[in-house]
Each structure stands twice: as C-alpha cells, then as structure tokens.
Amino acid sequence: MDPALSQRLSRVTGDIADAARAAHRDPASITTVVVTKFHPASLVRDLHTLGVRDFGESRHQEAQPKVEELRDLEATWHFVGQVQSKKAQQIAVYSHIIHSVDRESLVDALGTNDRGVFIQVNLTDDHERGGVHPDALPTLVERVAGTSLRLLGLMAVAPLDSEPRRAFARLRELSALATAIIPGAGALSMGMSGDFRDAILEGATHLRIGTAITGNRLREG
Ligand SMILES: *Cc1c(COP(=O)(O)O)cnc(C)c1O
C-alpha cells in the first residue's frame, strides 16, 4: 500500500476533527464519504484496510462493476453523481444511499426502494447544473414523502464563483423547509476536498471527500 494514502487519510481525518471542535461539534456526528471515482477497486480495498467504511461513486458504468468486485467488503456505498432515470433502478441495487435526487421523475423511478436519499439542491444560477431549484424544494420533499424512500436531508455542491461558506449556510437554511415536512430529514451532505472546513462550520453531517484523501484522479471524464 502507498504510505502516502494513509498519511493523507490521517491528515484529513485530523483536519475534520479540528474543524468540528472549532464548531463545538462532536467529530463522531460527521460521516466522511471517501469518493473513489476514477480509482481502481484496489484503492478502495486499501482504504477499507485503513478503516474507511463509507465510499462514494458518481458514474454508474464505473460504479456497478467496482461495487460488484468489492462485494465481500463490509461497506456503505453512496451514489453522489447525476442519476439518469432509466438507470435509477440499477443504481439502487448497489447504492445504500443516493445523494443526488433532484426531480420528480427520479423520485418516481426510485420510489419503491427502501433507500436513504438526499435531495440535491442547485445553489447556482445555472439551470443546467444538477439539483432542484430552491423554489421547487418543498414540492419535491412532498413527493419523496409519498414513497418508500427515506429522506435523510439535503445535498449541494458549492458554486465555483462564490464563497463556499455562504452556499453552505444557504443549504442549512433551506433544510428547515425539508424538516417541516419530514422531521427526520435534517442531514446535510456538503463539503468536498477544498471546502470541508466551511461545510463543518455550517453543520455538514456528510462530507464527500475525494482527492484530498485518494490523491489525484488518473482520468477525469
Ligand atoms: C467528485 C465529487 C466529490 C469529491 O470531490 P473532491 O474535490 O475530489 O473532494 C464530491 N461530490 C461530488 C458530487 C463529486 O462528484
């Protein structure tokens, strides 16, 4: 195993604990999902040996065979990428938690599955980006409430062109709209390699961290 992997993991784990303490939060209340997209199954095994149990993937065609190859590992798989409605059922087979539910047609496609989900909110002005517009959030929460899915909370990616902390504060505020309809749905999936400290300060419960732990991705699509 590459010793640099264990060094990066300890450094990030330490930084998360420091940020949690700075925010007067218990580090144990924060789940770190290590995003392993574009990395081989062997890296996931190495991380598992180092104690990681939550893994994230973002592309179905890559994730499906990888999870299959790793099915002997005790792990929780998180799907964090855009979900095509026609692939939704297949993704639900191997993903325990889906972070990127963002439209009614997808809720309908997934609805019979007993899965934890996050609703992804688009905090940019670009309608092409993944995520539901904040105005449409309550309707989408209602839709999830009528299915077998368990809404855990909200997810967002901070826009590139603004302060991440303000975006995370906005997601935290929007969370009240979800918990007003589904009281247990207060989790917040936010914070990546470059901005997880800000996310922790604003209440993140699930960080999605790739490169800061895995190192650079070999190929990017
Ligand atoms: C790739 C990815 C991440 C991790 O990004 P890093 O910057 O490598 O930490 C987090 N969330 C989503 C949705 C991703 O696609």
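Described in the following lines is the structure provided in the data block. Quick caveat, the model's predicted, so the values are computed rather than measured.

## Some thoughts on a negative patch on the surface
A cluster of acidic residues, Asp125, Asp126, Glu128 and Asp161, forms a negative patch at the surface. Within the secondary structure layout, Glu128 lies in the loop between strand 5 (116–120) and helix 6 (137–145).

## Focus: the pattern of salt bridges
Inspection of the entire model under this criterion finds 13 salt bridges. Between Arg165 and Glu202 there is a salt bridge; the shortest N-O distance is 2.6 Å. Here the residue Arg165 occupies a position in helix 7 (residues 164–179), and Glu202 occupies one in the loop between helix 8 (196–201) and strand 8 (206–209), the gap between them amounting to 37 residues. With relative accessibility at 8%, the residue Glu202 sits in the buried group. Taken together, the shared-partner salt bridges in this structure form one network comprising Glu57, Arg59, Glu62 and Lys66.

## A short note on the site of the ligand
By nearness alone, every residue bordering the ligand is listed as Val35, Lys37, Val80, Met192, Ser193, Arg208, Ile209, Gly210, Thr211 and Arg217. A distance of 2.5 Å is found between an oxygen atom of the ligand and a side-chain nitrogen or oxygen belonging to Ser193. A distance of 2.9 Å separates an oxygen atom of the ligand from a polar atom in the backbone of Thr211. Here the ligand, which alone exposes 390 Å², has 86% of that area covered by the protein. Most atoms of the ligand, that is more than half of them, are within 2 Å of grid points of the largest pocket. Partitioning the shell around the ligand into residue classes produces four nonpolar, three polar and three charged.

What counts as what
Residues numbered from 1 in each chain as written. Predicted model: local features only at pLDDT ≥ 70, side-chain atom pairs only at ≥ 80, totals over all residues. Heavy atoms only, no water. Patch = residues over 30% accessible without salt bridge, like charges linked within 9 Å, V, L, I, M, F, W, Y side chains within 5 Å. Areas by Shrake-Rupley, 256 points an atom, 1.4 Å probe, with all protein chains shown as cover. Salt bridge = Lys/Arg side-chain N within 4 Å of Asp/Glu carboxyl O. Lys, Arg positive; Asp, Glu negative; His and termini not counted. Charge placed at Lys NZ, Arg CZ, Asp CG, Glu CD. Helix = DSSP H or I, 4+ residues; strand = E, 2+ residues; numbered from the N terminus. Buried < 20%, exposed > 50% of the residue type's maximum accessible area, 1.4 Å probe, protein only. Near = heavy atom within 4 Å. Polar contact = N/O pair within 3.5 Å; in protein donor to acceptor, adjacent residues only side chain to side chain. 1 Å grid on protein atoms, 1.4 Å probe; cavity = no way out; pocket = protein on both sides within 12 Å on 5 of 7 lines; lining within 4 Å. Sits in = over half its atoms within 2 Å of the grid points. Nonpolar A, V, L, I, M, F, W, Y, C, P; charged D, E, K, R; others polar.

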